[in-house]
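Take a look at the letters that make up each chain.
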Amino acid sequence: MVATRQITVKDGDVLLLVGTMKGAFLLRSSGARKRWEVGGPYFPGLSVYAMTFDDRAGRQRLWASTNSMHWGAVLRSSDDFGRTWTNPESANVRFPAETGASLKQIWKIRPGRRDEPGTLYCGVEPAALFESRDAGETWTLNPGLYGHPHRARWQPGGGGLCLHTILPDPSNRERLLVAISTGGVYRSDDGGRTWNSRNQGVRAEFLPDKHPEFGQCVHKVVLHPARPERLFLQNHWGLYRSDDGGDSWQDVARGVPSDFGFCMVMHPHDADTVYILPLESDEFRCTPDGKLRVYRTRDAGGSWEPLTRGLPQRDALETVLRDAMTADTMNPAGVYFGTRSGQLFGSSDGGSSWTRILGGLPPVVSVEAAVVGEPKPVRTAKKTARRALKARAPKRVATARTGAKRVVKARAKRVVRARAKSRSAPRRRVKTAARRGRAARKKK
Amino acid sequence: MAVTFMIPGFLRQFTDGRNRLASDARPATVGEALQHLWALHPGVRDRVVTEQGEVRPHVNVFVGTESVRFTGGLATPVAEGAEIWIVPAVSGG
């Protein structure tokens, strides 16, 4: 049996919650996000499509959805950063008998608004929304969406007929938006009782009618809490923006090598900045030209720029899935993604430069970031340089005595080092020019 | 002893680590036998059957050496002293 490594998490740490096809991993780092300690695998052998961190109401709770091809899917939580996990005897997310449906996969776990600390959502396959009002103890099917007349005509995408995106409007308790592959975007304006499709302007490339009311294969939708009426959408072909909460959508795919892709991530502090990772096509779901490029817009979709520093630009035919990219809430923001080839990349400067954090993982299906407790200020290169300059300037004038002490100490250290060296290495008898000079002076 | 259940590795976390469970019940069918198993070890149920009570697609239940998929499903009759095996299918990737 594979041994599971544990991590010790401190206040101010940044966590990466990495779900793979064969288990989950937790990575922790200080706010600098340069070195990562790796914990896991948790649930070895089980696929983990969704993870999240719930820090509302004084909790520090990790959630993971585990799925076994044989034994089914269940939601599990940990209050000690992965040392122990719940393992409910009865499946906690289950379709009521009258639906005749059975759970295949839990695609998304999403804590509700901060002022509703008992609320959690999860999105599942077959496409449905489940809600918990008791912090995840019990879950119930959202009947309004499940009873929607469109549901009979939703079709499974490559990953199955799943509800994968849940966006509670942070400024409006009544508004909740979900996305389904393939069904499209649905929005409720009455707290989840009734739902309407919100796909006007989004193309369905794979249907004879390119602009149906519903049936679009939406891969991901994001919003910024400061501007919840504006949404960005990565479609199965197409990049879109909505400025009216999803009532209408405009194409914003300008300057991208392909507008096909799965993942999409909102910048934590800038409502105009969004990240995507384009793939060549639905036929060939790999990075175009073998270049692993993240694309970023900083003008709300007006233009997109490739981010390549530190990412392989040759022979990198990679696939990044819909939930395998995320951002943390630090400043500067961290952006992270995992590939189907089991690599994890990260940037601690908002995407300008990247490093490969980890390789050799099972195929990565989900990546989430969390900051534990209060984030500590991050030392940027500029700040470090300023600190170094300050440090070089003498703060205290060394007195003759302290100065002499320092010199003696340094000399003692040199002697110890020299002795150690002479013990380990054979004594050199070769006369150097300096020695010859010294010997000549002595003779005189 | 009426029936014996043979428990695969993954499910032993719900049977106190036991791979073989004997039951005094005298069930007429596999479905009834499994109900007894759920009563003794509730954690096994939702792993073997869906919330609609159907055996999961990648789980096989055998009575002796015969899969119940070919003998009437959960209505398959169970003889006195039968061994009921719960086995994961050889699927995966």
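This one's a predicted model, so the numbers in the text were calculated from it and none came from an experiment. Once a new chain begins, its residue numbering starts again from 1 and follows that chain's sequence as written. To label them, take the chains in the order written and letter them from A, then take the ligands in the order written and number them from 1. Where totals are concerned, whole chains, interfaces and linings use all residues; where local detail is concerned, this predicted model gives features only for residues with pLDDT of at least 70, and gives and counts side-chain atom pairs only at 80 or more.

Q: Hey, could you run me through the overall build of chain A in this one?
A: Comment: elements are numbered from the N terminus, with helices defined as DSSP H or I runs of at least four residues and strands as E runs of at least two. Scanning chain A from terminus to terminus reveals four helices and 27 strands. Working definition of burial: number of other C-beta atoms within 10 Å of the residue's own, with buried at 20 or more, exposed at 12 or fewer, and partly exposed in between, all C-beta atoms being placed from the backbone. For chain A, buried positions account for 44% of its 444 residues. Think of it this way: build a C-beta for each residue from its backbone, and any pair within 7 Å is a contact. Considering only contacts in chain A between residues 6 or more positions apart, those separated by 24 or more positions represent 51%.

Q: Any chance you could explain the interface of chain A and chain B here in plain terms?
A: It is common to give the size of an interface as the accessible area that goes away when the parts come together. Counting from both sides, the interface comprises 13 residues of chain A and, opposite them, 16 residues of chain B. Residues are grouped as follows: Ala, Val, Leu, Ile, Met, Phe, Trp, Tyr, Cys and Pro are nonpolar; Asp, Glu, Lys and Arg are charged; all remaining types, including Gly, are polar. Its residues assigned to classes, the side of chain A that touches chain B comprises six nonpolar, five polar and two charged.

Q: Teacher, can you tell me more about the nonpolar core here?
A: The tendency in soluble globular proteins is for nonpolar side chains to be buried side by side. All names here are of chain A. Here, a nonpolar core means buried Ala, Val, Leu, Ile, Met, Phe, Trp, Tyr and Cys residues linked by C-beta atoms lying within 7 Å of one another. With 106 residues, the main nonpolar core has Leu-15, Ile-106, Cys-122, Cys-263, Val-265 and Met-325 as its most contacted residues. Broken down by element, this core gets its largest block of residues, six residues, from strand 27 (residues 364-371). For Met-325, the residues in contact, after removing those within four places along its chain, are Cys-263, Val-265, Tyr-275, Leu-277, Val-320, Tyr-336, Phe-337 and Val-367.

Q: Which parts of the structure should I look at to understand the sheet that holds strand 23 (residues 325-327) of chain A?
A: Sheet strands associate in pairs through backbone hydrogen bonding, adopting either a parallel or an antiparallel arrangement. All names here are of chain A. Two strands qualify as a pair provided that DSSP identifies no fewer than 2 bridges between them. Read from one edge to the other, the open sheet built from four strands follows the order 23-24-25-26, with strand pairing classed as antiparallel. Looking at which strands have only one partner, the edges of the open sheet turn out to be strand 23 and strand 26 (355-358). Geometrically, the sheet is characterised by an average inter-axis angle of 25° between neighbouring strands, direction not taken into account. As judged from the four bridges shared by strand 24 (residues 335-338) and strand 25 (residues 344-347), these two strands associate in the antiparallel manner. The angle between two axes is taken between their N-to-C directions and runs from 0 to 180 degrees, where each axis is a line fitted to C-alpha atoms and a helix contributes only its stretch in contact.

Q: Help me understand the sheet that holds strand 11 (residues 162-168) of chain A, please; the structure alone is not making it clear to me.
A: Residues and elements named next belong to chain A. A sheet is described by the order of its strands in space; here four strands give the open sequence 11-12-13-14, paired in antiparallel fashion. The outermost strands of the open sheet, each flanked by one partner alone, are strand 11 and strand 14 (196-197). In the sheet, strand 12 (residues 176-181) pairs with strand 13 (residues 184-188) via five bridges, with the strands oriented antiparallel. Looking at strand 13, one finds that Ile-180 is bridged to Gly-184.

Q: Looking at this model, I keep getting lost on the confidence of the model for chain B. Mind explaining?
A: Residues and elements named next belong to chain B. Confidence of the prediction at every residue is given by pLDDT, a number between 0 and 100. With 97% of its residues at a pLDDT of 70 or more, chain B has an overall mean of 95. Per-element averaging of pLDDT across chain B places strand 2 (residues 20-23) at the bottom with 94 and helix 2 (residues 42-48) at the top with 98. Scoring the predicted complex yields pTM 0.87 and, for the interface, ipTM 0.95.

Q: Can you walk me through helix 1 (residues 30-40) of chain B in this structure?
A: Given 3.6 residues per helical turn, the α-helix brings residues three or four places apart onto the same face. Residue and element names in this part refer to chain B. Of all the residues in helix 1, the buried ones are Val-30, Ala-33, Leu-34 and Leu-37. The buried residues of helix 1 occupy an angular sector of 95° when projected down its axis, which confines them to one face. If you follow the buried residues of helix 1, they end up packed against strand 1 (3-6), helix 2, strand 3 (59-63) and strand 5 (82-88). Directions are taken from the helix axis to each C-beta atom, and the arc is the one they span.

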